[in-house]
Amino acid sequence: MADQIAGSDASVLITGESGTGKEVVAKYLHAHSKRAAKPFISINCAAIPEALLESELFGHEKGAFTGAIGRRIGKFEEANGGTLLLDEISEMDFRLQSKLLRAIQERLIDRVGGNKPVPVDIRILATSNRNLNEAVREGSFREDLMFRLNVVNLKLPALRDRPGDIVALADHFVAKYAKANGLPARTLSPQAHTALLGAPWPGNVRELENTLHRAVLLSQTDIIGPDAISLPDGTGLNEATAAHSLSAQLAQTAETMSRAMVGRTVADVERDLILDTLDHTLGNRTHAANILGISIRTLRNKAQPICR
Ligand SMILES: Nc1ncnc2c1ncn2[C@@H]1O[C@H](COP(=O)(O)OP(=O)(O)OP(=O)(O)O)[C@@H](O)[C@H]1O
Ligand SMILES: [Mg+2]
């Protein structure tokens, strides 16, 4: 999809969990566009204090505010002819969103303290790791701005949802960091691949990259096995994989159990629960009623056919 839309001037909203590669994709889009020879400018809307973001984006004229000792060009003008990446757009202040909307719609910007609009020719890319629809519903993001930005939405799946990428990326990072550190070529053993596939990767590609960088540096041999790979918190890869599959199994069991209940009446399920509890207490009703948090009388009534 990125290849299909790279050549157009359409705004693209790139969404995905942290570390999935949103910035990588933004750079890719620029590099494969007609604007590739022009600047690629990125600005992190979350990292810049609100009071500064406006002049960072749109620039300011000399004397626009205390400390504005000269004219300064903003990111919009810097990116002229090229691509502007608005990183973490969901964190932008609501008021500034209106100014941004105008800039995108009319391709005109107002420098802070300026009195004549400046035309700009840019393509806008934006990223968000928050669900923008939700932000709109909450009232923290302008709906009209979302529609403007979201001409195309590239959704990057979490790494755990694209296991095919795990092995390819892992091999890539091992080769990259062996080379970068002047070490002999290293490879991952098949067991290491399997263990990598089973880990949950909550930090996505960034976590995988850091993990393999560390493994390359710490490995004593040219073939890296699962034992030589540890996660940032110090747990071994095998442990993490086991914990992940155990919790996945538990979640699966819980889901199967609740599915199995659908279609049955409450009375039916209640009766089974009472029966199982009585089984557990070897028929002791007082004990069973205690466990269930009901009176002995209720237990007797509800379980009529069971305990007479
Ligand atoms: N397909 C890929 N190939 C190679 N490296 C990748 C790939 N995807 C991500 N990475 C690497 O993973 C790291 C995280 O990627 P990136 O910064 O693009 O993620 P992000 O989605 O912008 O994260 P955040 O939401 O935290 O800003 C970077 O070091 C990047 O180089
Ligand atoms: Mg990013």
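Residues numbered from 1 in each chain as written. Chains lettered and ligands numbered in written order. Predicted model: local features only at pLDDT ≥ 70, side-chain atom pairs only at ≥ 80, totals over all residues. Heavy atoms only, no water.

**Q** Please set out the nonpolar core residue by residue, giving values where relevant.
**A** Formed by 31 residues in total, the largest nonpolar core has its most connected members in Leu-57, Phe-76, Leu-84, Leu-86, Ile-89 and Phe-141. Mapped by element, the contributors of at least two residues to this core are strand 2 (40-44), helix 3 (50-58), strand 3 (83-87), helix 5 (94-106), strand 6 (123-128), helix 6 (132-138) and helix 7 (143-149). Looking at this core element by element, the count peaks at 5 residues for helix 5. If near-sequence neighbours (up to four positions away) are discounted, Leu-84 is found in contact with Ile-41, Ile-43, Lys-75, Phe-76, Ala-79, Ile-122, Arg-123, Ile-124 and Leu-125. With 23 residues, the next largest nonpolar core counts Tyr-177, Ala-192, Val-216 and Ile-229 among its residues. (Core = buried A, V, L, I, M, F, W, Y, C linked by side-chain atoms within 4.5 Å. Buried < 20%, exposed > 50% of the residue type's maximum accessible area, 1.4 Å probe, protein only. Helix = DSSP H or I, 4+ residues; strand = E, 2+ residues; numbered from the N terminus. Contact = heavy atoms within 4.5 Å.)

**Q** Which residues make up the side chain of Thr-20, and what values go with them?
**A** Among the structural elements, Thr-20 can be located in the loop between strand 1 (12-15) and helix 2 (22-31). Among the polar contacts made by the side chain of Thr-20, one reaches the main-chain carbonyl oxygen of Glu-17 at a distance of 2.7 Å. Thr-20 has contacts with Leu-156, Pro-157, Ala-158, Arg-162, Asn-204 and Val-205, leaving out every residue within four places of it along the chain. (Polar contact = N/O pair within 3.5 Å; in protein donor to acceptor, adjacent residues only side chain to side chain.)

**Q** Account for the sheet that holds strand 3, naming residues and giving values.
**A** A sheet is described by the order of its strands in space; here 5 strands give the open sequence 2-3-6-1-7, paired in parallel fashion. The two strands at the open ends of the sheet, each matched to only one other strand, are strand 2 and strand 7 (152-155). Neighbour-to-neighbour, the strand axes of this sheet turn through a mean angle of 20°, independent of strand direction. Of the strand pairs in this sheet, strand 3 and strand 6 are connected by 4 bridges, and their pairing is parallel. Pairing of Leu-86 across the sheet is with Ala-126, part of strand 6. (Pairing = 2+ DSSP bridges. Axes fitted to C-alpha atoms, helices over the stretch in contact; angles between N-to-C directions.)

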